[in-house]
Amino acid sequence: MVAAKIENRGFLQPTNSTSHWLNGEQASLVTKGDLAHTGVGFATHLAATIFWAVPLQLWVGSRRPVPPIEAFGKALAISAVAVVVDYGATPKRFTPGWEMVLSKRSMAAVYVAMATGLAIGATRLGKPLSSHQRHIG
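Residues numbered from 1 in each chain as written. Predicted model: local features only at pLDDT ≥ 70, side-chain atom pairs only at ≥ 80, totals over all residues. Heavy atoms only, no water.

Peer 1: Please provide a residue-by-residue account of unusual backbone geometry, values included.
Peer 2: Unlike most non-glycine residues, Asn 8 shows phi in positive territory, near 60 degrees. Taking the relative accessible area as the measure of exposure, Asn 8 reaches 71% and is therefore exposed. (Buried < 20%, exposed > 50% of the residue type's maximum accessible area, 1.4 Å probe, protein only.)

Peer 1: Explain a nonpolar patch on the surface to me, and be specific about the residues and the numbers.
Peer 2: Residues Phe 42, Leu 46, Ile 50, Val 54 and Leu 58 make up a contiguous nonpolar surface patch of roughly 530 Å² in combined accessible area. In this structure, Leu 58 sits in helix H4 (residues 35-60). (Patch = residues over 30% accessible without salt bridge, like charges linked within 9 Å, V, L, I, M, F, W, Y side chains within 5 Å. Areas by Shrake-Rupley, 256 points an atom, 1.4 Å probe, with all protein chains shown as cover. Salt bridge = Lys/Arg side-chain N within 4 Å of Asp/Glu carboxyl O. Helix = DSSP H or I, 4+ residues; strand = E, 2+ residues; numbered from the N terminus.)

Peer 1: Explain the packing of aromatic side chains to me, using residue names and the numbers behind them.
Peer 2: Considering all chains together, one arrives at two aromatic pairs under this definition. Summarising the aromatic geometry, the rings of Phe 51 and Trp 52 are spaced 5.0 Å apart at their centres and angled 90 degrees between planes, so their arrangement reads as edge-to-face. Seen in terms of ring centroids, Trp 98 and Tyr 111 are 5.3 Å apart; in terms of plane orientation they differ by 65 degrees. Their pairing is edge-to-face. With Trp 98 in the loop between helix H5 (68-89) and helix H6 (104-124) and Tyr 111 in helix H6, this residue pair connects regions lying 13 residues apart in the sequence. The exposure class assigned to Trp 98 is buried, which follows from its relative accessible area of 9%. (Phe/Tyr/Trp six-rings, centres within 6.5 Å; stacked < 30°, edge-to-face > 60°.)

Peer 1: Which residues make up the nonpolar core, and what are the values?
Peer 2: In this structure, Trp 52, Leu 56, Ala 75, Leu 102, Met 114 and Leu 118 are the most contacted members of the largest nonpolar core, which totals 21 residues. If you tally residues by element for this core, the top one is H6, at seven residues. Excluding residues that lie within four positions of it along the chain, Met 114 makes contacts with Trp 52, Ser 79 and Ala 82. (Core = buried A, V, L, I, M, F, W, Y, C linked by side-chain atoms within 4.5 Å. Contact = heavy atoms within 4.5 Å.)

In structure tokens:
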């Protein structure tokens, strides 16, 4: 979303473009939020992120705590595999769709951001919540 704004695109266009598997390539032109584009795009993003978190968690295993640098290195490797699968092995209809909205540089930043999120999850998984975190939700 931030990358889209930097590139003078609609804030929701990357998310909406992900719904192209269901709504066709015109989904990348939708700038407003709606269930058909934004909802489907968000759900697709969420499912894809969970999909890529599974191999990272299997790779890390039950060993806790995971040093952050190790988690980030492994998450970067998983993210690199995701790029190859998303844009090398996946039929165009099922790509993330960001290529219709974002520059390659921004797409690279998005995959690094994904790796960062995966790494944070890998370092946090299995750690007990602090007393403050338990009272938040």
